[in-house]
Amino acid sequence: MAARTTPETPHPDTLLANGMGVHDADTYGVIPAIHPATTFLRAGDLSYPAGYSYARPINPTFTAAEQLLCTLEGGAEALLFSSGMSAATALFQTLSPGDHVIAPQVMYWALRRWLRGFAAQWGLAVDFVDMTDADAVRAAVRTGSTRILWVETPANPTWCITDLTAMAEIAHGVGAILAVDNTVPTPLLTRPIEFGADIVMHSATKYLNGHSDVLAGALVTAREDERWAKVRAVRADHGGIPGPFEAWLLLRGMRTMGLRVERASSTAMAIARHFANHPGVAEVLYPGLESHSGHAVAARQMRGGFSGMLSIRIAGGEQASIDVAAALEIWTRATSLGGVESLVEHRRSVEGADSPCPPDLLRMSCGIEHPGDLIADLEQALEKVRA
Ligand code: PLP
């Protein structure tokens, strides 16, 4: 990516590569140390000399990754969690019985399932709305009781696009906050706070770490306020934090995110273009294609690419799509996304029959292999199934 910043405000790629410039203060090692301590020395006057007391509220190994993510998102503070789900659910756990939430019909399926269960048990009202339709969202919000408008864009697994500016306006108009799952675009492609979001959420398990070997999550706030204080308390009380080794691995993974996201996005675009009119393919779902219904909005709120995620609907239906996935030799059949290896998944069989996911859809997470090999592998699998 071309540099567009000055030495005072370095490009995100530079911030990432330097990992906030954190070194080991004792050895001058160029990478930070891991702090496994769960408890910290107290001085005779009962103070904590370094500000750390106990590991459930905070661990010093987190700090660099939190500050780096906070800077990338343009937020006021970031908190790491033990998973994306634990980050997202911490926000909803700040709500009270009787509060109302709006969530998208198309979203990460396990959070949709959790919201249904939590809402029933906790006394929340949750409406799942088509978030590509601002009028539908406007009609669904309730002044005085809607507290959170939850958005995912591009949204799993059809990659439909939600207009963040419009959602922020609707949420703020009724006194609610806009919270955005920014896992797929990463702050390199979209910075939701710039469009009015109040909270940004990440499954750091995906692109932030990038190597399919850390489970972690994060929330970033646009400002420190009462709700954020409650989020901090939920984390401190529940202890939903990553271990020091995971936090350290996360920072190590983040240092290469600039290169990984750039490559994954350009590969996804190449695959989308290649298969857009392929006889073995019913439809390519990728917001980078001009034919995608959310392309204009995506082009406005994403920069530098449209993410490494796309889906392909296979001509011939559900069994044909399962057979194509089975015939792939370079793509890895596995759930998840955002790693260096390209992953493919028959998504309906994961999400179940009540999902909006079409049964003929293969979800593809582009890694950093050579794009020509990934295209050739898909070509041979499609050919095998059509023969
Ligand atoms: N949000 C999105 C978009 C995801 O894809 C996932 C996981 O697949 C999550 C949230 C949940 O994250 P985690 O698995 O780290 O709990």
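Below you will find a few notes about this structure.

**Details of the side chain of Gln301**
- One can find Gln301 in helix α11 (residues 295-301).
- Here the side chain of Gln301 touches Leu164 through a polar contact of 3.0 Å, landing on its backbone nitrogen.
- The contacts of Gln301, once residues within four sequence positions are left out, are Thr153, Ile161, Thr162, Asp163, Leu164, Leu189, Thr190 and Phe195.

**Digging into the pattern of salt bridges**
- The final tally for this structure, using the stated rule, is 20 salt bridges.
- Salt-bridge contacts for Asp225 lead to Arg223; the nearest nitrogen and oxygen are separated by 3.3 Å.
- For Asp225, a relative accessible area of 30% translates into the label partly exposed.
- Salt bridges sharing common partners tie together Arg112, Glu345, Arg347, Glu351 and Arg363.

**Let's talk about the sheet that holds strand β7 (residues 217-221)**
- The sheet built from 7 strands is open, its strands ordered β1-β7-β6-β5-β4-β2-β3 with mixed pairing. With partners counted over all chains shown, the strands left at the sheet margins are β1 (77-81) and β3 (125-129), one partner each. The sheet shows a mean angle of 20° between the axes of neighbouring strands, direction not considered.
- Summarising the sheet, strand β4 (residues 146-152) and strand β5 (residues 177-181) pair through 5 bridges and their orientation is parallel. Pairing of Val151 across the sheet is with Val180, part of β5.
- Contacting β1, β2 (100-104), β4, β5, β6 (199-203) and β7, helix α3 (residues 84-92) crosses the sheet at an angle of about 150° to β6.

**What to know about helix α12 (residues 317-327)**
- Those residues of α12 that fall on the buried side of the exposure criterion are Ala320, Ser321, Val324, Ala325 and Ala327. When α12 is viewed along its axis, its buried side chains cluster within an angular range of 165° and face the same direction.
- Here the buried face of α12 lies against β9 (309-314), β10 (332-333), β11 (343-346), β12 (361-365) and α14 (371-386).

What counts as what
Residues numbered from 1 in each chain as written. Predicted model: local features only at pLDDT ≥ 70, side-chain atom pairs only at ≥ 80, totals over all residues. Heavy atoms only, no water. Helix = DSSP H or I, 4+ residues; strand = E, 2+ residues; numbered from the N terminus. Polar contact = N/O pair within 3.5 Å; in protein donor to acceptor, adjacent residues only side chain to side chain. Contact = heavy atoms within 4.5 Å. Salt bridge = Lys/Arg side-chain N within 4 Å of Asp/Glu carboxyl O. Buried < 20%, exposed > 50% of the residue type's maximum accessible area, 1.4 Å probe, protein only. Pairing = 2+ DSSP bridges. Axes fitted to C-alpha atoms, helices over the stretch in contact; angles between N-to-C directions. Arc of directions from axis to C-beta.

Functional significance is not addressed by these values, which are geometric in nature.
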